[in-house]
Amino acid sequence: MIRDMELLLNKVYDNEIKSYLYEALSCYSVGAYRACVIISVIGGVHDLHNKLKNLASSYKDFSELEDKVSKAKDDLKPYEKLLIDGCGSPKIDLLNPSESKELNRCLDIRNSCAHPSDYICTAEVARYVF
């Protein structure tokens, strides 16, 4: 199972994100499944935001979304759902509806893992999010 995750990691092109996701894989390897989920989602959201930033100078709609996301981030407000939903909107279309739904599901799992609760994160859930 870890081998499958390593293969996914090798498909990541951005070295900063790859390094971050390697840490998530390390957490998974020692059974720290909540940490794996949290780091995986943060890495994925960061990568999606970077992609939006790179396209913002070329497209007005992308620029407007990037401004909203960056403002929310700078104001220390939740921005992940705004980013995911915006990238899945028909105007932006960086994510198809299924991808947007899956990323929001992963965000919900991340929220369950990041806050004290009786939520139990399993190896399967951590692997799914990764």
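Residues numbered from 1 in each chain as written. Predicted model: local features only at pLDDT ≥ 70, side-chain atom pairs only at ≥ 80, totals over all residues. Heavy atoms only, no water.

Q: Residue-level account of the overall build of the protein chain, with values.
A: Across its full length, the protein chain carries seven helices and zero strands. Counted from the first residue to the last, the protein chain has its helices and strands arranged as α-α-α-α-α-α-α. Taken over C-alpha atoms, the radius of gyration comes to 15 Å for the protein chain, in line with the 14 Å a tight globule of 130 residues would show. Dimensions along the principal axes, computed over C-alpha positions, put the protein chain at roughly 45 × 35 × 25 Å. Going through the 130 residues of the protein chain one by one, you find that 37% of them count as buried. For the protein chain, restricting intrachain contacts to residue pairs at least 6 apart in sequence, the fraction spanning at least 24 positions comes to 50%. By element, 55% of the accessible surface of the protein chain is carried by carbon and sulfur atoms, the whole surface being about 8,000 Å². (Helix = DSSP H or I, 4+ residues; strand = E, 2+ residues; numbered from the N terminus. Rg over C-alpha atoms; globule rule 2.2 N^0.38 Å. Buried < 20%, exposed > 50% of the residue type's maximum accessible area, 1.4 Å probe, protein only. Contact = heavy atoms within 4.5 Å. Areas by Shrake-Rupley, 256 points an atom, 1.4 Å probe, with all protein chains shown as cover.)

Q: Can you break down the environment of Leu82 residue by residue, with the values?
A: On the secondary structure map, Leu82 appears in helix α5 (residues 80-87). Assessed through its relative accessible area of 34%, Leu82 is described here as partly exposed. In sequence terms Leu82 and Glu66 are 16 residues apart; their C-alpha atoms lie 10.0 Å from each other. Not counting chain neighbours up to four residues away, the residues in contact with Leu82 comprise Leu65, Lys68, Val69 and Ala72.

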